Amino acid sequence: MSTEIDALTPPQPDTPPEPLRLLAMDVEDLQFVSAALQDAILRPVDIVWERSSRQVTLTLSRFCWECGGTRVMAAMQFGDVTAVKSRQLPRGPEQALELLALHFEPSEAPSGQVYLMFAGGGDLRIDVECLDVVLADLSDRWPAREKPSHPEVDDTVEPV
């Protein structure tokens, strides 16, 4: 028999977390997707653009910052895509790419460009008629080999 107090009891620590499912339809939503995907790893062959259906799908190994030290296979899909361009990304199909962040540059509302920025300076630009991004975990989590680290940024250095 369940009581109201039982319903308010938080889940036990050994309860596996629910798979992440996010939808981004504006810039604020995209910031949550970007945070969830920081340090995700993928390969160029994991990026699929289906021109006829105007979709771009990426399959990636997401570092679960919210779960502390695990990874999970995830997929991110962009809808209403009009063009895809890359700059300084490795061309080898098996080359590892480390995703750092996503950023939206608006143009004539509601269209714009979503930039996926990778370690090493490369990026992928996805032109969209509107923001329509879905992120979903696909697998069980597994222990990460190591936690990603980022060097501290020295705020005292003036830009040249």
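Residues numbered from 1 in each chain as written. Predicted model: local features only at pLDDT ≥ 70, side-chain atom pairs only at ≥ 80, totals over all residues. Heavy atoms only, no water.

(A) Focus on the environment of Leu-20. Along the chain, the position of Leu-20 falls in the loop between α1 (4–8) and β1 (21–24). Note on Leu-20: relative accessible area 19%, which makes it buried. Residues Leu-20 and Val-72, 52 residues apart in the sequence, show an inter-C-alpha distance of 9.7 Å. When near neighbours in sequence (up to four residues on either side) are disregarded, Leu-20 contacts Ala-36, Arg-62, Leu-135, Ala-136, Asp-137 and Arg-141. (Helix = DSSP H or I, 4+ residues; strand = E, 2+ residues; numbered from the N terminus. Buried < 20%, exposed > 50% of the residue type's maximum accessible area, 1.4 Å probe, protein only. Contact = heavy atoms within 4.5 Å.)

(B) Fine view of the pattern of salt bridges. This structure, assessed with the given rule, holds ten salt bridges. Among the salt bridges present, the one from Asp-46 reaches Arg-43, with a minimum N-O distance of 2.9 Å. Salt bridges linked by common partners bring Arg-62, Glu-66, Asp-137 and Arg-141 together as one network. (Salt bridge = Lys/Arg side-chain N within 4 Å of Asp/Glu carboxyl O.)

(C) Representation of unusual backbone geometry in the model. The omega torsion of the bond from Ala-109 to Pro-110 falls at 0°, within 30 degrees of zero and hence cis. Its place among the elements puts Pro-110 in the loop between β7 (97–106) and β8 (112–118). At Asp-39, a residue that is not glycine, the phi angle is positive and equals roughly 75°. By the element assignment, Asp-39 lies in the loop between α2 (27–37) and β2 (40–42). Of note in the backbone geometry, Gln-88 takes a positive phi value of approximately 60° without being a glycine. Along the chain, Gln-88 falls in the loop between β6 (81–87) and β7. Gln-88 gets classed as exposed once you look at its relative accessible area, which sits at 61%.

(D) Quick peek at the side chain of Thr-70. Within the secondary structure, Thr-70 is located in strand β5 (residues 70–78). Accessibility expressed as a relative area gives 16% for Thr-70, which makes it buried. Residues in contact with Thr-70, not counting those within four places in the same chain, are Arg-62, Phe-63, Cys-64, Arg-141, Trp-142, Pro-143 and Ala-144.

(E) Representation of α2 within the structure. Looking only at α2, the buried set comprises Leu-30, Val-33, Ser-34, Ala-36 and Leu-37. The buried side chains of α2 occupy one side of the element, clustering within an arc of 165° when seen end-on. Opposite the packed face of α2, turned more than 90 degrees from it, sit the exposed residues Glu-28, Gln-31 and Phe-32. Its side-chain oxygen at 3.2 Å from the backbone nitrogen of Glu-28, Asp-26 defines the N-terminal cap of α2. In the segment just after α2, Asp-39 is the residue with positive phi, at about 75°. (Arc of directions from axis to C-beta. Polar contact = N/O pair within 3.5 Å; in protein donor to acceptor, adjacent residues only side chain to side chain.)

Interpretation in functional terms is not warranted from these geometric data alone.
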